[in-house]
Amino acid sequence: MRFKFPLMAIGLEVVMIVLFALFVQYETSVNTSRNPNETESAAMDVEKTMESYPFFQDVHIMVFAGFGFLMTFLWKYGFSGVGINLLIAALGLQWGTIIQGIFRSHGQKFLIEMKNMIHADFSTVTVLISFGAVLGKTSPVQMLIMTILEITVYAANEYLVFKILWASDTGESMTIHAFGAYFGLAVAGILYRSGLKEKHPNEESVYHSDLFVNDFLWTKQYRAIVNTYFSLAASVVTAYACSSLLESRGKLNMVHIQNATLAGGVAVGTCADMEIPPYYAMIIGSIAGAVSVFGFKFLTPLFTTKLRIHDTCGVHNLHGLPGVIGGLAGIITVALEESDSTKTVSQAAALGSSIATALVGGLITGAILKIPFWAQPPDEDCYDDSVYWEVPERKEYDNHFHELLSTLH
Amino acid sequence: MRFKFPLMAIGLEVVMIVLFALFVQYETSVNTSRNPNETESAAMDVEKTMESYPFFQDVHIMVFAGFGFLMTFLWKYGFSGVGINLLIAALGLQWGTIIQGIFRSHGQKFLIEMKNMIHADFSTVTVLISFGAVLGKTSPVQMLIMTILEITVYAANEYLVFKILWASDTGESMTIHAFGAYFGLAVAGILYRSGLKEKHPNEESVYHSDLFVNDFLWTKQYRAIVNTYFSLAASVVTAYACSSLLESRGKLNMVHIQNATLAGGVAVGTCADMEIPPYYAMIIGSIAGAVSVFGFKFLTPLFTTKLRIHDTCGVHNLHGLPGVIGGLAGIITVALEESDSTKTVSQAAALGSSIATALVGGLITGAILKIPFWAQPPDEDCYDDSVYWEVPERKEYDNHFHELLSTLH
Amino acid sequence: MRFKFPLMAIGLEVVMIVLFALFVQYETSVNTSRNPNETESAAMDVEKTMESYPFFQDVHIMVFAGFGFLMTFLWKYGFSGVGINLLIAALGLQWGTIIQGIFRSHGQKFLIEMKNMIHADFSTVTVLISFGAVLGKTSPVQMLIMTILEITVYAANEYLVFKILWASDTGESMTIHAFGAYFGLAVAGILYRSGLKEKHPNEESVYHSDLFVNDFLWTKQYRAIVNTYFSLAASVVTAYACSSLLESRGKLNMVHIQNATLAGGVAVGTCADMEIPPYYAMIIGSIAGAVSVFGFKFLTPLFTTKLRIHDTCGVHNLHGLPGVIGGLAGIITVALEESDSTKTVSQAAALGSSIATALVGGLITGAILKIPFWAQPPDEDCYDDSVYWEVPERKEYDNHFHELLSTLH
């Protein structure tokens, strides 16, 4: 990747700056150029904007904390995992701001409000989820391309679900989690390497629920908080029980725990702010926790051998299945609560659209990424940091090793 | 623990769901079933609820951050430390919500407000503190039982202190920190294993002040923030000085620093929102920092040899002693400020009750946990993750080791 | 450091308590001793104070998170890095509260409001930045002295820039970042050890942008948030591109990434709340990201060999250069926007003053720290934790090593 990567990165950044100069209207210019009424409403928007500031803050704290957390699992592929996450986030939030703004303004200039930045962050999360499915098997250049393509498809599906179908998906179980997972699985299916059929010696589960971005954080409503809180708690307890049930001699598996415990938060997303009693949320969480553990144990190996889809981090279990459970729970809740059956149809259409656009978009993106020009790593370099990173600490670690050994002999 | 653990965990989760269905009233049902005045006050409650949202958020950020932080110290018993913490928290907050709600409503159905969830989190913290005293010597099954029993006793003492004695303990120095420490010590005393008299080879201080949950975070009042801020700062500087004074050749001990620095936050808790000048808070912090370091150096070894209480992580020094200092500081402050001596008596009674219920409850819980049915680990498996966890990363680490060695020979 | 360190630490803490007792007025005493109008305005202050609470909270969350993050890079000098950071912060915020309060009140008693605590935290950050330049080459005693001296000089320059020149520096690019970096470089220049000319075997880049304290966190204004957000994003993408361009075979260097990505936040600080369009902020961020990477690659080695200034962590690249870029961007923005040229002169004077006081203060402090009484480590002990800390975990780690080896032979 001698020049491909730096040139593409700089090129994309220049494009972003130009697009911002062309499309983004700065708050002040509005205030002076329009009539007083609009100025006033703009001022109110700014005030409303400041109200959402703590939640914006939370997002970034989570990104930082998650970043730090991931850092602790540096092993062979730790640098790439963390580093590419950061790169995806930085590029993705710029592109997400632009593409979502253009969708919203129908191609006109638009203002940036706090909530647009939050939505841009959301769009980035889908790419981070998909990244989990192809981790270790793709080059940074490929990830730049995937970031641009996936966020574009995401923005289209989001517009369809919320602005045309008017479906409900507060915690974005379907539009973010299921979408991201199935997009990633489709890409992974296209990029399947039969040379990696056997478990690669470098491959180890070091994925940690990219960034803890769960719905819990995104919502301020009393009902959504209570439901998410108890769904998560129930999913933790159930995941422990199932993990112990499935592993040899009743042991626990940290990979199950770490992922399955968040599944409750993903699954309750769609109906988080619907009028459901807390125990219903706990049942959703328990199902999601159990399904997630079973997925890790039985489904992921099956995907690799039968479907030729190699899901590096098992994103299907943390985001895909719980997202679908969330979508189904949303359909059931709406069907029970609303007499108007068109709302139920909307919910079902939203779930269908999220999965369908993810699969189609993922297949096309996978086909583009397969073009042998993007500095793809050969099979033997997969899951290895040293292909893309200077790795001083590892060397130092090994030096200490040899030092210790030399004291022995 | 082939079946004991998963069956008990699933059983408890089912019980929680049933209890929620029976006792928890969902906000909406109230709005519709009662008279308008009550509805209005319920709406106000919800508004008040949203005001406490940032603080609820903070708690969970700390839980996550603390979780990640602990993760970094994975060594032999890292998985169990972290994993059991999470399990305790998930079960504890469900049970805490129920038992505290029943106490408050005298057995009637009750509503869940944000502040109930914060209180349920609090109740969980006591178990996490006690867990520090028995870490490495108990099975997950035992921890499930201890969670249920300790939170029940905690809820009773909390009701006594705040609703009957009307004592002041804003930062819960007495009711959480001292209570949790002495409960844990009593359990540890009952579970004493003479086979572990000698320092176990796996035992290393990897405890890190479970979850950074200090009072600082729980309180919004100006006075409490200022006092806690400067108490913590003073306790850090004093702990450094004392650690250097006690260790060989003036060195510093990271275990002292990590624990003692938080002691200032614990100790200032009881009188955090009383009318004390900041320098008084700094004196309390300095005393707590010093006492905590001295406790680690001299008291913990003495407890093991003389009292046959083996306090794995030294919770007595971080939570027990500073909690008692906090209680005493509260009594002194009230005695100086208030002419009415009954308030001083209430404060003293609250400290006494917190320690007494902790000790009695801990002894009974310890006796129950001693019943040889809870899949207790034999002495040689203590402090070892691999008894309860699949430990892939360790294996991988060792593989890298052998790989490196093979390049040598 | 058998007695020098503990005695100095206790002595300083006693001085702080006495100064607080003498200078700090407690809120209540005001309420009772003054006239009703003032009481009312004091109450309003308290209310305003509570509004800034979330931002105060954020600071401390970052300090904790940063602390935990740094912890993960424990290697030879990890303990000292983290531990001394905490000590500096604890002492610095007490001294910062006092010295800034005295400056503000012209030597009278003063009240502590939330914003004073935030400003005291700021003052501490300058010392943490400077610490990066001398990390591994100084004793704890020297750091205590540097904390007191640097915060005093900082408070003087801050007073000059904001209260006499009335210059703008919202994100404190100049007054914190450039100041801290050049102060540290001046100290490092004076403390240059020719014995460490060759790269010390213990020296490894494990510095991680102390505490993530960037301006982003300090400001609530809509404009400042948007500008910082996009400046950071652009700086990340550009840093990746430049790192790949400069390293062998197009690889990425984690040290570049970690530091350069924050450079965008530092550089946009001065004009963060000025009326600049977002794409202008993205250009500032891109320049800062690129300059920072180039600095690491070419400037830091040159400083060591030619200027005899050994900058352990390369603070010049993360704080010095981006701070100067921020100052220059501020001058240009003001020159373009304001017809009144005295404002431009003020901005330029603020940049000059920040660098000049930093250099002069740093040279004097360096000269004081050179006095051979402060328990300085000899050259061979530099960058080694075990001089100042008990290091159990390392030992344990090595034990595991030997254990593994013994299973082989």
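A quick note: this is a predicted structure, and the numbers were derived from the prediction, not measured.

J.: What should I look at first to understand the overall build of chain A in this one?
T.: Across its full length, chain A carries 14 helices and 4 strands. For chain A, with 409 residues in total, the buried portion stands at 65%. A separation of at least 24 residues holds for 82% of the contacts in chain A among residues at least 6 apart in sequence. Working note: accessible area of chain A is about 14200 Å², and carbon and sulfur atoms make up 65% of it.

J.: How should the nonpolar core be read in this particular structure?
T.: Among soluble globular proteins, nonpolar side chains are generally buried collectively. Phe230(B), Tyr240(B), Phe5(C), Trp95(C) and Met146(C) are the most contacted members of the largest nonpolar core, which totals 75 residues. Sort the elements by how many residues they give to this core and helix α6 (residues 114–134) of chain C lands first, with 12 residues. Core analysis: the next-biggest nonpolar cluster, separate from the first, contains 74 residues, Met114(A), Met117(A), Leu144(A) and Ala241(C) among them.

J.: Would you explain the packing of helix α7 (residues 140–164) of chain A against helix α8 (residues 173–190) of chain A in this entry?
T.: The description of two helices packed together rests on the angle between their axes and the distance between the axes. Residues and elements named next belong to chain A. The contact between α7 and α8 brings their axes to 11 Å, and the two run at 140°. Classified by the angle their axes make, α7 and α8 are oblique. For the pair α7 and α8, the sense of crossing is right-handed. Each of Met-146, Glu-150, Val-153, Tyr-154, Asn-157, Val-161 and Phe-162 in α7 lies in contact with α8, whose residues at this interface are Thr-175, Ile-176, Phe-179, Gly-180, Phe-183 and Val-187. Classifying every residue of the contact of α7 with α8 by side-chain character gives 9 nonpolar, 3 polar and 1 charged.

J.: Even after reading the chapter, I still don't get the pattern of salt bridges, so can you show me in this structure?
T.: Residue and element names in this part refer to chain A. For the coordinates displayed, the defined rule picks out 3 salt bridges over all chains. Across the pair Lys-297 and Glu-247 runs a salt bridge whose closest N-O atoms are separated by 3.1 Å. Taken together, the residues span a long stretch of sequence, with Lys-297 in helix α11 (residues 278–306) and Glu-247 in the loop between α9 (222–246) and β3 (252–253) at a distance of 50 residues. Taking relative accessible area as the criterion, Lys-297 reaches 29% and is therefore assigned partly exposed. Residue Glu-247 is classed as buried on the basis of its relative accessible area of 8%.

J.: Help me understand helix α6 (residues 114–134) of chain B, please; the structure alone is not making it clear to me.
T.: Helical geometry note: an α-helix holds 3.6 residues per turn, so side chains three or four residues apart project in the same direction. Taking 1.5 Å of rise per residue, 21 residues should cover 30 Å, and α6(B) covers 31 Å from first to last C-alpha, within 8% of that figure. In terms of burial, α6(B) is largely enclosed, as 19 of its 21 residues are buried.

J.: Whenever I open this one, the packing of helix α1 (residues 4–23) of chain C against helix α7 (residues 140–164) of chain C confuses me. Can you help?
T.: Residues and elements named next belong to chain C. One way to put it is that α1 packs onto α7 with a least axis distance of 9 Å and a crossing angle of 25°. With respect to α7, the axis of α1 lies roughly parallel. The handedness of the crossing between α1 and α7 comes out as left-handed. Of the residues in α7, those touching α1 at Lys-4, Phe-5, Met-8, Ala-9, Leu-12 and Met-16 are Pro-140, Val-141, Leu-144, Ile-145 and Ile-148. The residue makeup of the contact of α1 with α7, split by class, is 10 nonpolar, no polar and 1 charged.

J.: Any chance you could explain the packing of aromatic side chains here in plain terms?
T.: The full count for this structure, using the stated rule, is 15 aromatic pairs over all chains. The rings of Tyr154(A), Phe179(A) and Phe183(A) are connected pair by pair, giving a single aromatic cluster. Across from the ring centre of Phe373(B), 4.3 Å away, lies the NZ or CZ of Lys4(B), which sits over that ring.

Cut-off values and rules
Residues numbered from 1 in each chain as written. Chains lettered and ligands numbered in written order. Predicted model: local features only at pLDDT ≥ 70, side-chain atom pairs only at ≥ 80, totals over all residues. Heavy atoms only, no water. Helix = DSSP H or I, 4+ residues; strand = E, 2+ residues; numbered from the N terminus. Buried < 20%, exposed > 50% of the residue type's maximum accessible area, 1.4 Å probe, protein only. Contact = heavy atoms within 4.5 Å. Areas by Shrake-Rupley, 256 points an atom, 1.4 Å probe, with all protein chains shown as cover. Core = buried A, V, L, I, M, F, W, Y, C linked by side-chain atoms within 4.5 Å. Axes fitted to C-alpha atoms, helices over the stretch in contact; angles between N-to-C directions. Parallel < 35°, antiparallel > 145°, perpendicular 65-115°, else oblique. Left-handed = near helix turned anticlockwise from the far one by under 90°. Nonpolar A, V, L, I, M, F, W, Y, C, P; charged D, E, K, R; others polar. Salt bridge = Lys/Arg side-chain N within 4 Å of Asp/Glu carboxyl O. Expected span 1.5 Å × (residues − 1). Phe/Tyr/Trp six-rings, centres within 6.5 Å; stacked < 30°, edge-to-face > 60°. Lys NZ or Arg CZ within 6 Å of the ring centre and 35° of its normal.

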